[in-house]
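Observations on the model geometry
Listed below, chain by chain, are the residues.
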Amino acid sequence: MIMSDPTPIAITLHRESRVLEISFDDGSRFELSCEYLRVYSPSAEVRGHGPGQETLPLNKEDVTITAVDPVGHYGIKPTFSDGHDTGIYTWKLLYDLGRHYNTLWQEYLGKVAAADRSRKA
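Numbering of residues starts from 1 in each chain and follows the order in which that chain's sequence is written. Local features in a predicted model are, by the rule used here, given only for residues with pLDDT of at least 70; side-chain atom pairs are given and counted only at 80 or more, and totals for whole chains, interfaces and linings are based on all residues. No hydrogens and no water enter the side-chain calculation; it runs on all heavy atoms of the structure.

1. Digging into the sheet that holds strand β2 (residues 19–24)
In space, the three strands of this open sheet follow the order β1-β2-β3, with antiparallel pairing throughout. Looking at the sheet topology across the chains shown, the edges are occupied by β1 (8–14) and β3 (29–33). Here the strands of the sheet are splayed against their neighbours by 15 degrees on average, with no regard to which way each runs. Criterion used throughout: strands pair if DSSP finds at least two bridges between them. In DSSP terms, a helix is any run of H or I states spanning at least four residues, a strand is any run of E spanning at least two, and both are numbered starting from the N terminus. Bridging between β1 and β2 involves six bridges; their strand directions are antiparallel. What sits directly across from Pro-8, in β2, is Phe-24. The strands touched by helix α3 (residues 91–99) are β1, β2 and β3; relative to β3, the strand with the most contacts, the crossing angle is about 85 degrees. Only the stretch in contact is used when fitting a helix axis, every axis being a line fitted to C-alpha atoms; angles between N-to-C directions are given from 0 to 180 degrees. The contact criterion used is simple: two residues touch if any of their non-hydrogen atoms lie within 4.5 Å.

The following block contains the structure:
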C-alpha cells in the first residue's frame, strides 16, 4: 500500500494573533506564525535559484497574511502584508514546516544571530 502525504482538512487564518492553523487528515494540527511562514517561504526570493543563493529574511516579526488563495488541489499561495506573494506552499511543505517547527525556528534564530543581526532589521 502506498501512503499518501497528509491532506489538510481545515485551514484557519487567525488575523489578530497572526497564526495560520492547519489540521491534517492524520490528526496533526499545527499553528504556524505568519513570520515563520514568511521566513520559510518556498519562493526564489527567499530560497534563491540554487545552492548558496538563499537570503536571510529580516524585519518580518510583524508581518501578517492578508489573503490565502488555493493552488489546485495541492497547496496555497498566501499574500503577506509586506507584499510578498510568490511562494506556493504545498500540503507537504506545510506539514513539514509544522512537524519540524522547533528545529527550523531555532535554525532561523541561529542564522540571525550568526549574521549579528536581529529579527528587526
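2. Description of the nonpolar core
One finds Leu-32, Leu-37, Tyr-89, Leu-94 and Leu-97 to be the most contacted residues of the largest nonpolar core, which totals 25 residues. Listing elements by their share of this core, those giving two or more residues are β2, β3, α1 (34–39), β5 (75–80), α3 and α4 (101–114). If one sorts the elements of this core by residue count, α3 sits on top with five residues. Nonpolar core, defined: a set of buried Ala, Val, Leu, Ile, Met, Phe, Trp, Tyr and Cys residues in which side-chain atoms within 4.5 Å join the residues together. Only protein chains enter the area calculation, which uses a 1.4 Å probe; residues under 20% of their type maximum are buried, those over 50% are exposed, and those in between are partly exposed.

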